[in-house]
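Each chain, written out:
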Amino acid sequence: MIPPPFDYHAPKTLPEALALLGRLGEEAKVLSGGQSLLPLLKLRFAQPAHLVDIGRIPGLDYLEEKDGYLRIGALVRESALEASPLVRSKYPILVDTAAVIADPIVRNLATVCGNLAHGDPANDHPATMLALGAEVVITGAAASRTVPVAQFFTGLFSTALAPSEVLTEIRVPVPPAGSGGAYVKLERKVGDFATAGAAAFLVLKGGVIERAGIGLTNLGPTPVKAAEAERHLAGKKPEEAAFAEAGRLAAAASSPSADRRGAVDYKKEMARVLTVRALRRAARRAEGR
Amino acid sequence: MAKHAITVAVNGTPRQAEVESRLLLVHLLRENFRLTGTHIGCDTTHCGACTVLLDGVPVKSCTVLAVQADGRAVATVEGLEKDGKLDPIQEGFMQEHGLQCGYCTPGMLMTGRALLDRNKTPSEEEIRRAISGNLCRCTGYVNIVKAVQHAAAAK
C-alpha cells in the first residue's frame, strides 16, 4: 500500500516547525515516530497534503525528572521509556504500559507523546497518564500551554491540539512516598490493541488510600477517567471490598462498542476485572511488596 | 509535489536517489536499489518481514518513509555476509534449520543480529521477546530461537 501524495517538510528547529504548521493549518499533520500515522495514510484513512517531520529536531528526546515532574520530550521512543533505569525504578506503571504497546520493533520508533497526540482511545498511554494525573505541554508559535490529560481528549481521534500546535512534553508528577501504580491490558495476541485495559495509581497514607487514579483503555470513544471509582477509593483501606466496588464503578463509567474483540457486556465485565487487578498490583507496589 | 534528493548509507555504501515524499523505505530498497532480500509481508506494520536496521536499530521498513532515512545508515540482509563468510546469525539459521519457507527469515536475521549486537548472551526469554514483532507463519520459532542461540555461542 502506497500512501497518497503529500509534501514532506523536515524542519531543523521547533520554531521552524511551528511556523510551518501555522502556515499550512489543517492541511498538515505532524510526523514523529510515524507508527500510527503512516499506517493511517497507507489505508487512506487520512490524506494530509503536508507532513511536518519533527524527527530531525535536536533536543526533544529528553527523559528526566525536573521541578517535581518526570518530563517526557516529544521524541522519546517507547523503547527508551521502557529501558530507562529511572523509569524502571520509580515508574513501573510506565514500564507495564510501554511493554505491551505493539511490539519491540514498532516501539523503537513509536513515541510516547505520539501515543497521546494521536487521540486513539485504543492507545495504552492515555489510561496510564489519566491515572497518574499527568499533564501535556502544548506548544504553538506564539505561546505554550499546559493541559491536564483529563482535558486533552475531546472526542474520537480528537484532542485539544490545534493544527498549528505540537505536543512537546508529557509531565508526570513525581510519585510521592507510599504510592504505586500498575497497568493491565487484555489483548488477543502480542501487538494487538487492547480488548480492554486498566491503569490504577494509589497514594497510601497511614494504611489508607489518600488518592486514587483510574484510567481505562479502549472502553469508550475517548480514554476513560473513572472518576467515581477514584472518589470511592479515597479514605478506604486498600482492600478487596473497596477494589471490588471500584471495579464495578469503573465498568459503569465505560461505554465500549462491540467489535471483533468482544461484545459490549463482555468488555464492561473486563473493565471491572482489569480494574480490580490493576488496583491489587498498584497496592502491592505502594506497600513495597 | 517536489521530489527529494536523498543519500542513504546502505550496508556501508552511500546510495543516492530522487524520491517522492510518499515512497516507503522498503520500496526504496527493493525497487530503487534492487535489494530484494528485504521482504514485504503484511504491509501493515505487523509481521516484521521487512525489518531492517536504521542506524543499528530494527525498524519495519514498510512503516518508514525513504526520506526519513536521508543521511542515515540502513543495514539489510544483503550486508550480513562479509568477504564470502556468512554472519554468525546466518550460520546459526543454517545449522539449526531456522527457516522453512524462508519468507520471514530476512527480518528474523536482522532482528537477531541487532539483539546480539547489544546483548551478547541473551536468555531464551530475551530472544523470544526480541522476535515478538517478527511473525513466522511456518511457526518455526523453536528452531529460530535455537539459531539465535547458536549465533550467540559462536562469538
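Our structure is the block above this text.
Scope of this entry: the structure provided in the associated data block. Within each chain, residue numbers correspond to sequence positions counted from 1 in written order. For this description, chains carry letters from A and ligands carry numbers from 1, given in the order in which they are written. Reporting in this predicted model follows two pLDDT cut-offs: at least 70 for local features of residues, and 80 or more for side-chain atom pairs to be given and counted; totals over whole chains, interfaces and linings ignore these cut-offs and use all residues.

## Details of the pairing of strand β3 (residues 50–53) of chain A
All names here are of chain A. Formally: When DSSP locates at least two bridges between a pair of strands, those strands are taken to pair. Going along the chain from the N terminus, every DSSP run of H or I of four or more residues is numbered as a helix, and every run of E of two or more is numbered as a strand. The definition of a right-handed crossover adopted here requires that, viewed with the strands pointing away, the path from the first strand over the helix to the second runs clockwise.
Relative to β3, strand β1 (residues 7–9) runs parallel, the two being bridged by three bridges. The residue bridging Y8 from the neighbouring strand is L51, located in β3. For the handedness criterion, the β-α-β arrangement of strand β2 (residues 28–31), helix α2 (residues 37–42) and β3 is classed as right-handed.

## Observations regarding the nonpolar core
Residue and element names in this part refer to chain A. Worth spelling out the cut-off: Nonpolar core, as used here: buried Ala, Val, Leu, Ile, Met, Phe, Trp, Tyr and Cys residues forming one set through C-beta atoms within 7 Å. Three exposure classes are used. Buried residues have 20 or more other C-beta atoms within 10 Å of their own C-beta, exposed residues have 12 or fewer, and partly exposed residues fall in between, all C-beta atoms being placed from the backbone. Throughout, a residue-residue contact means that the two C-beta atoms, derived from backbone geometry, are no farther apart than 7 Å.
If you look at the biggest cluster of nonpolar residues, it comprises 141 residues, and the most contacted ones within it are A198, A199, A200 and A250. Looking at this core, the element that brings in the most residues is helix α11 (residues 264–286), giving nine residues. Each residue touching A199, except ones within four places of it in the same chain, is listed here: I93, A127, T128, L130, A131, G181, Y183, I214, G215 and A278.

## So, the sheet that holds strand β12 (residues 196–205) of chain A
Residues and elements named next belong to chain A. Under the convention used in this document: Axis definition: a line fitted to C-alpha atoms, limited for helices to the stretch in contact. Angles are taken between N-to-C directions and run from 0 to 180 degrees.
Strand order across the open sheet formed by four strands is β11-β12-β13-β14, with antiparallel pairing between neighbours. Each edge of the sheet is formed by a strand with only one pairing partner; in this case those strands are β11 (179–186) and β14 (224–225). In this structure, β11 lies alongside β12, joined through eight bridges in antiparallel fashion. Among the inter-strand pairings, G181 is bridged to a residue of β12, identified as F201. In this fold helix α8 (residues 125–132) packs onto β11, β12, β13 (208–217) and β14, with an angle of close to 160 degrees to the strand it touches most, β13.

## Quick word on the sheet that holds strand β1 (residues 4–10) of chain B
Residues and elements named next belong to chain B. The mixed open sheet is built from five strands, whose spatial order is β2-β1-β5-β3-β4. Looking at strand neighbours, the two that pair on one side only are β2 (13–19) and β4 (57–60), the edges of this open sheet. Strand-to-strand twist in this sheet, taken as the mean axis angle between neighbours without regard to direction, amounts to 40 degrees. Note: β1 against strand β5 (residues 73–75), two bridges, orientation parallel. Directly across from A9, in β5, lies its bridge partner A73. Strand contacts of helix α3 (residues 105–118): β3 (51–54), β4 and β5, with the helix running at about 35 degrees to β3, the strand carrying the most contacts.

## Some points on helix α1 (residues 25–32) of chain B
Counting along an α-helix, one turn takes 3.6 residues, and residues three or four places apart therefore face a common direction. Residues and elements named next belong to chain B. Every buried residue belonging to α1 is among L25, V26, H27, L28 and L29, and all of these are buried. Where α1 is buried, its residues meet β2. Directly after α1, the chain includes R34, whose backbone phi takes a positive value near 60 degrees.

## Section: the packing of helix α2 (residues 88–95) of chain B against α3 of chain B
All names here are of chain B. Our working rule: We call two directions roughly parallel when the angle between them is under 35 degrees, roughly antiparallel when it is over 145, roughly perpendicular when it lies between 65 and 115, and oblique otherwise. The crossing is said to be left-handed when, going from far helix to near helix, the turn is anticlockwise and less than a right angle, and right-handed when the turn is clockwise. In this classification, the charged set is Asp, Glu, Lys and Arg, the nonpolar set is Ala, Val, Leu, Ile, Met, Phe, Trp, Tyr, Cys and Pro, and all remaining amino acids, among them Gly, are polar.
Their axes nearest at 9 Å, the elements α2 and α3 cross at an angle of 125 degrees. In terms of axis orientation, α2 runs oblique to α3. The chirality of how α2 crosses α3 is right-handed. Contact residues: I89, Q90 and F93 in α2; T105, L109, G112, R113 and L116 in α3. Per-class residue counts for the contact of α2 with α3 are four nonpolar, three polar and one charged.

## Quick notes on the interface of chain B and chain A
Across the boundary between the two partners, chain B contributes 26 residues, which contact 22 residues of chain A. Where the side of chain B that touches chain A is concerned, the elements lending two or more residues are β4 and α4 (124–130) of chain B. Looking at which element gives the most residues to the side of chain B that touches chain A, the answer is β4 of chain B, with four residues.

## Observations regarding the pairing of β2 of chain B
It is a general feature of regular strands that their side chains alternate between the two faces of the sheet. Residues and elements named next belong to chain B. Examined bridge by bridge, β1 and β2 share seven bridges and lie antiparallel to one another. For A9, the partnering residue across the bridge sits in β2 and is P14. Between the antiparallel neighbours β1 and β2 lie two residues, among them N11 with a positive phi of about 50 degrees.

## Details of the environment of P223 of chain A
Residues and elements named next belong to chain A. Along the chain, P223 falls in the loop between β13 and β14. Here the alpha-carbon distance between P223 and E27, two residues 196 residues apart in the chain, equals 26 Å. The residues touching P223, leaving out its near neighbours within four places in the chain, are P121, P126, A127, L130, F153, G215, L216 and T217.

## As for the environment of P4 of chain A
Looking at the element boundaries, P4 of chain A is found in the segment before β1. Judged by C-beta crowding, with 12 C-beta atoms within 10 Å, P4 of chain A ranks as exposed. Sequence separation of P4 of chain A and P48 of chain A is 44 residues, and the distance between their C-alpha atoms is 8.5 Å. If we ignore the near neighbours within four places in the chain, the residues touching P4 of chain A are L41, R44 and Q47 of chain A together with R22 of chain B.

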